[in-house]
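Geometric and topological summary
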Amino acid sequence: MRVLITGAGGQVGRELVELCEAAGDAVIACDHAALDVGDRDAVLQAVLSTQPDAVVHAGAWTAVDACESDPDRAMRVNALGTRNVAEASRKAGAHLVYVSTDYVFDGTKPTPYDEWDRPSPASVYGRSKWAGEHEVAVVSGGEATLVRISWVCGEHGANMVKTALRLAADGVNPKFVDDQIGNPTIVFDLVPVLRRFAVERRPGLFHVTNQGAVSWFEFVREVYVAAGHDPDRVTAITTAELDPPRPAPRPANSVLDNVALRLAGIDLLPHHAGSLERLVAKLMAE
């Protein structure tokens, strides 16, 4: 397969590049420095000149709080940029896989969100990613794959696992919220599914997360245990007690039910606990 990957310098993109190269794919890796997805001409040039079989659009502006104060930038990258990638993919005949987020939901539903729940984003970031989903649906005519993930943690970039390990190593007794729950998504479990969707050119919307819902408080305790630290050093607080408060609202319930995967007979990602232990071991060995 010849595959172009946007966001190739990010958490998901870097591990996807590594996986595809190991599988023998011809990879065109485009990080932000190489490709500004908000520039339509640049996107068309990048895709049409390389003629990939598939495009995985993992690039996004994911600074959730910064998006609140710069909505135009958020929409340019996450909405208009996705429109550009979708248009270029269609013109090249490439199958598009778009990576979206749990932030398209406001988190008020008392049960897990499935693929047929109506999005209602509460933040600028969430709205910009939902707009990206809309662009994919319109421009690709229903032929693309949309993949929602949540609480992403991998070997590259910044994430909660790395933050927790740093706090533990520094002897910090941190406070984390116990009223926000979700499914962690461990990147090395995710990327084979993204590649599979690209290879199979399978259209539709899928929630793809590891199994096992936890609060951030519980998740950080698990990181401490995996790293050999005392989990009782982690204290639970409420979102209202965060000091300073976060500019962007977070969904209280980010649990994504992987209904479409399950009904399609595609293996679900494993429970996050075992994968988290593997990830912590990898990060501590570096």
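Predicted, not measured: the structure shown is a model, and the values here were computed from it.

**Some remarks on the sheet that holds strand β4 (residues 95–101)**
Spatially, 6 strands are ordered β2-β1-β3-β4-β5-β10 in an open sheet, and the strand pairing comes out parallel. Looking at the sheet topology across the chains shown, the edges are occupied by β2 (26–30) and β10 (204–207). Adjacent strand axes in the sheet meet at a mean angle of 15 degrees, parallel and antiparallel pairs treated alike. Sheet contacts for helix α7 (residues 187–200): β3 (54–57), β4, β5 (145–149) and β10; angle to β4, the most-contacted strand, approximately 145 degrees.

**Concerning the nonpolar core**
Core analysis: the biggest nonpolar cluster contains 30 residues, and Val43, Val47, Val55 and Leu96 have the highest contact counts within it. Elements with a contribution of two residues or more to this core: β2, α2 (40–50), α3 (64–69), α4 (71–92), β4 and α5 (124–140). Setting aside its immediate chain neighbours within four residues, leucine 96 contacts Val55, His57, Val85, Ala86, Ser89, Val136, Ser140, Ala144 and Thr145.

**Comments concerning the layout of surface pockets**
Within this model, the second largest pocket holds a volume of roughly 180 Å³. Among the secondary structure elements, those contributing two or more residues to the lining of the second largest pocket are α5, β5 and β10. Here the lining of the second largest pocket takes 6 residues from α5, the largest share from any one element. Class assignment of the residues belonging to the lining of the second largest pocket gives a composition of 7 nonpolar, 4 polar and 3 charged.

Reading the values: rules and limits
Residues numbered from 1 in each chain as written. Predicted model: local features only at pLDDT ≥ 70, side-chain atom pairs only at ≥ 80, totals over all residues. Heavy atoms only, no water. Pairing = 2+ DSSP bridges. Helix = DSSP H or I, 4+ residues; strand = E, 2+ residues; numbered from the N terminus. Axes fitted to C-alpha atoms, helices over the stretch in contact; angles between N-to-C directions. Contact = heavy atoms within 4.5 Å. Core = buried A, V, L, I, M, F, W, Y, C linked by side-chain atoms within 4.5 Å. Buried < 20%, exposed > 50% of the residue type's maximum accessible area, 1.4 Å probe, protein only. 1 Å grid on protein atoms, 1.4 Å probe; cavity = no way out; pocket = protein on both sides within 12 Å on 5 of 7 lines; lining within 4 Å. Points joined across faces, edges and corners; volume = space filled by probe spheres on them. Nonpolar A, V, L, I, M, F, W, Y, C, P; charged D, E, K, R; others polar.

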